[in-house]
Amino acid sequence: QSFGDKIKLISRENRGGNPTRNELLKNATGDWIQYLDADDFLSHGKISEQMEWIKNNPGYDVVYAAVMVVYQKGKEQTFDKQDVIYPDDEWAAMVSWELPQTSSPLFRRTALLDVGGWNEQQKVCQEHELYFRLLKAGKKFIGRREFRNLTNYRLWGDDTVSRKNPERTYIARMKIMEQAYAFMNDNELLTEFRKQVYMIWVLLVSRGLWPLNKSESEAFYQRNRYVYPVTKISSKFIAPNFQKMVSYFGY
């Protein structure tokens, strides 16, 4: 309120994340959108640094950087920088969940409008469901490692929607991953590299879900077991002994 007419302030009851993002999108008039969730905060210069890059590199619809995860316990903070992975391969970033948290990108407003904004029925994995629709619509993504002024994603505990119900989150993630793979397959977008990245995360997601829902975990692996040979996977996240056991004895 202290900014007067320099900003437009909308104050009303809480309707949830995606309905609120769509309301903001409807009211926005600028060319680019910066979302900022709940307790997150931006380093000084985050928007101006990205906008300067966009001015010199036109043609992109989603521009993002690394995210600084801030673990908050009382007054104590620890920091973990999540760097940009697969900056030149947005589909590999999509299936590996390496596209960033909601507050990192600048979104071209017309790109969001073109795909209908945020899915108000999507309860978890909301940004990834949106990223998938943007990619399907041919929108151009770019991640840049050189940006220095970052989004700070603050975690206080396990009180987020995704963390309250991890099984539901895993299953929603699996659905989006398989839809993305099917789209790549149907549109001749699959490469050997993308297949390998996808298979790495089939193994990791299956393993993460296993303590919560063994049948869904095994079914997910079985549906995808022939995408890429497990023995040929090269990843620091997959132990060689685990690869051998899966190859010889099955999941």
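In case you missed it, the structure is sitting above this.
Being a predicted model, the structure only gives us computed values, none of them experimental.

1. Quick look at the pattern of salt bridges
Any two side chains of opposite charge can pair, on the condition that their charged atoms come close.
So, point 1. Counted under the stated rule, the structure contains 12 salt bridges.
So, point 2. Across the salt bridge formed by R15 and E13, the nearest N and O atoms sit 2.8 Å from each other.
So, point 3. Salt bridges linked by common partners bring R12, E13, R15 and E23 together as one network.

2. Some details on the sheet that holds strand β5 (residues 76–82)
So, point 1. Pairing within the open sheet is mixed, and its four strands lie in the order β2-β8-β4-β5. Edge positions in the open sheet fall to β2 (41–42) and β5, since each of these has one partner strand only.
So, point 2. The pairing of β2 with strand β8 (residues 151–155) spans two bridges and is classified as antiparallel. Looking at β8, one finds that L42 is bridged to T151.

3. Topic: the packing of helix α7 (residues 166–186) against helix α8 (residues 192–209)
So, point 1. Closest axis-to-axis distance for the α7/α8 pair is 11 Å, and the angle between their directions is 160 degrees. Accordingly, the angle class assigned to the pair α7 and α8 is roughly antiparallel. Crossing of α7 against α8: the hand is left-handed. When α7 is examined against α8, the residues E167, Y170, I171, R173, M174, M177, E178, Y181 and M184 are found in contact with a partner set consisting of R194, Y198, W201, V202, V205, G208 and L209.

Definitions and limits used
Sequence positions are assigned chain by chain, starting from 1 and proceeding in written order. Given that the model is predicted, a residue must reach a pLDDT of at least 70 before its local features are reported, and side-chain atom pairs must reach 80 or more before they are shown or counted; all residues, however, enter totals for whole chains, interfaces and linings. For side-chain calculations, the full set of non-hydrogen atoms in the structure is used, while hydrogens and water are omitted. Salt bridge criterion: a side-chain nitrogen from Lys or Arg within 4 Å of a carboxyl oxygen from Asp or Glu. When DSSP finds two or more bridges between a pair of strands, those strands are recorded as paired. Runs of H or I in DSSP of at least four residues are treated as helices and runs of E of at least two as strands, each being numbered from the N terminus. Angles here are taken between N-to-C directions and fall from 0 to 180 degrees, while the axes themselves are lines fitted to C-alpha atoms, restricted in helices to the stretch in contact. Note on angle classes: values under 35 degrees are labelled roughly parallel, values over 145 roughly antiparallel, values of 65 to 115 roughly perpendicular, and the remainder oblique. Take the far helix as your reference; a near helix turned counterclockwise from it by less than a right angle gives a left-handed crossing, and one turned clockwise gives a right-handed crossing. Whether two residues touch is decided by their heavy atoms; if any such pair falls within 4.5 Å, the residues are in contact.

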